[in-house]
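Secondary and tertiary structure notes
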Amino acid sequence: MALLATTLLGTASLPAAAERLPRLVLSGPAASVSVPLIHMVETGALKDVADSVEFQTWKDPDQLRVMVLGKKADFVAMPTNVAANLHARGVGLRLINVSTWGVLWMVSRDANARSLADFKGKEIAMPFRADMPDIIFSLLAEKQGLDPRKDFALRYVASPLDAMQLLVTRRVDHALLAEPAVSMALRKTRSFPINMVAPDLHRSVDLQQEWGRLLKREARIPQAGLAAVGRAATDDALQARIAAAYASSLSWCNQNALKCGEMVARRIDLLSPEAVADGIAAGQMRAVSAAVARPELEFFLSQLHARNPALVGGKLPDDNFYGGGR
């Protein structure tokens, strides 16, 4: 209830930014965390904030880091561990919300696969080597006595959409995907000619449920959110304005999933409006300020630090990392 209340409060009012900007750049991946950003741009939600508001897609974690280090965007949707890592290395960055709590699934042609152990010895398409979702998969595998490098044949690819393409063209039988790539894969196999695509894919292991089961917590993971970068990281009024607009757009998209999907599909190739709408319905998307999400973030980042300190930049974030007010 606290998370839901935070989301609703964020939509109640949209504070004005202190100073109008000539240009504002928003950036994110081809994933659910970017859906509100695209809606914000498409609807002109920030026309009072800047003369020009743009959305730019980052393709992989390396491009994301280049974008942040080069201060090529003002607000960037990113995995929470990447935000923590960059902050620990002295990059001017502040996490203002967490919005992605449940978008990772195994997708498989094996209808009987119910746990990660059922994929032992099998090839799995895995996006973003050494970043999420690979990190979460490896952590959960180790928690149940599996060696992610020896017990699985992991085939690393550049993005969830690339893993999806391998699935629907029958080059792999299993993949770890993030929404809306999960929903896109399921829809494609029902619409493509049978001679091109194997007929059945299944939404298999829910990694959020595995997280809850193995770590004795609620079945949600603070996977990704929105960070203020560069000059925006020191502008509290601008952060508040963007955070409120993001929460409002996310609320609208949750209630108007197909219309929101149409906006997203115009911006991101390979996605259909229906798949985006399916992903919105299936994922746990709630805009929660980083300050309110801090206890869950600290637990999650502590798990990563214990496994490999380099995943979070060698140390856990300090107080200044957590923005978004209370």
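Scroll up to find the structure this text is about.
The structure presented is a predicted model; accordingly, all values stated were derived computationally and were not measured.

Let us look at the environment of Ala158. Relative to the elements of secondary structure, Ala158 occurs in the loop between strand S7 (153-157) and helix H6 (160-168). Separated by 30 residues in the primary sequence, Ala158 and Phe128 have C-alpha atoms spaced 5.7 Å apart. Not counting residues up to four positions away in its chain, the partners in contact with Ala158 are Lys59, Asp60 and Phe128.

Another aspect to go through is the pattern of salt bridges. This structure, assessed with the given rule, holds 20 salt bridges. Note that Asp131 and Arg65 form a salt bridge whose closest N and O atoms lie 3.0 Å from each other. On the criterion of sequence distance, the pair formed by Asp131 in the loop between strand S6 (123-127) and helix H5 (134-143) and Arg65 in helix H3 (residues 61-69) is long-range, its members being 66 residues apart. Taking relative accessible area as the criterion, Arg65 reaches 24% and is therefore assigned partly exposed. Here Arg187 and Asp278 are joined by a salt bridge, their closest N and O atoms 2.5 Å apart. Of this pair, Arg187 sits in helix H7 (residues 181-191) while Asp278 is found in helix H11 (residues 273-282), placing the two residues 91 residues apart along the sequence. For Arg187, a relative accessible area of 31% translates into the label partly exposed. Taken together, the salt bridges that share partners define one network made up of Glu42, Arg266 and Arg267.

One pass over the full model with this rule turns up one disulfide. The disulfide partner of Cys253 is Cys260, and the S-S distance across this bridge is 2.1 Å. One quick way to see it: the torsion about the S-S bond of Cys253 and Cys260 is about 65°, and its sign makes the bridge right-handed. Of the two residues, Cys253 and Cys260, both sit in the buried class.

So, on to helix H9 (residues 236-255). Compared with the 28 Å implied by 1.5 Å per residue over 20 residues, the 29 Å span of H9 between its first and last C-alpha is a close match. Turning to H9, its buried residues are Leu238, Gln239, Arg241, Ile242, Ala244, Ala245, Tyr246, Ala247, Ser249, Leu250, Ser251 and Cys253. The distance from a side-chain oxygen at the start of H9 to the backbone nitrogen of Ala237 is 3.3 Å, and the residue carrying that oxygen is Asp235.

What follows concerns the nonpolar core. Leu24, Phe75, Met78, Leu93 and Leu177 are the most contacted members of the largest nonpolar core, which totals 115 residues. Apart from the residues lying within four places of it in its own chain, the contact partners of Phe75 are Leu24, Val25, Leu26, Ser27, Ile96, Leu226, Ala227, Ala228, Ala232, Leu238, Gln239 and Ile242.

Where H5 meets helix H8 (residues 207-215), the closest approach of the two axes is 10 Å, and the angle between their N-to-C directions is 40°. With respect to each other, H5 and H8 are oriented oblique. As for the relative orientation of H5 and H8, their crossing is left-handed in sense. Every residue of H8 that contacts H5 at Ile136, Phe137, Leu139, Leu140 and Lys143 is listed here: Leu207, Glu210, Trp211, Leu214 and Leu215. Residue classes in the contact of H5 with H8 are distributed as eight nonpolar, no polar and two charged.

Assignment of secondary structure puts Lys120 in the loop between strand S5 (104-108) and S6. Along the chain, Lys120 and Ala153 lie 33 residues apart, while their C-alpha atoms are 8.4 Å from each other. Those residues in contact with Lys120 that lie beyond four places of it in its chain are Leu146, Asp151 and Phe152.

Turning our attention to the side chain of Arg109. Mapped onto the secondary structure, Arg109 falls in the loop between S5 and S6. There is a polar contact of 2.7 Å between the side chain of Arg109 and the backbone oxygen of Val172.

This next bit is on helix H12 (residues 290-307). For the α-helix, the turn length of 3.6 residues means that residues three or four positions removed from each other point alike. In H12, a bend of some 45° at Glu296 exceeds every other bend along the element. Buried within H12 are the following residues: Ala290, Ala291, Ala293, Arg294, Glu296, Leu297, Phe300, Leu301, Gln303 and Leu304.

Quick notes on the rules
Residues numbered from 1 in each chain as written. Predicted model: local features only at pLDDT ≥ 70, side-chain atom pairs only at ≥ 80, totals over all residues. Heavy atoms only, no water. Helix = DSSP H or I, 4+ residues; strand = E, 2+ residues; numbered from the N terminus. Contact = heavy atoms within 4.5 Å. Salt bridge = Lys/Arg side-chain N within 4 Å of Asp/Glu carboxyl O. Buried < 20%, exposed > 50% of the residue type's maximum accessible area, 1.4 Å probe, protein only. Disulfide = S-S within 2.5 Å. Expected span 1.5 Å × (residues − 1). Polar contact = N/O pair within 3.5 Å; in protein donor to acceptor, adjacent residues only side chain to side chain. Core = buried A, V, L, I, M, F, W, Y, C linked by side-chain atoms within 4.5 Å. Axes fitted to C-alpha atoms, helices over the stretch in contact; angles between N-to-C directions. Parallel < 35°, antiparallel > 145°, perpendicular 65-115°, else oblique. Left-handed = near helix turned anticlockwise from the far one by under 90°. Nonpolar A, V, L, I, M, F, W, Y, C, P; charged D, E, K, R; others polar. Bend = angle between axes of the 7 residues up to and from the residue.

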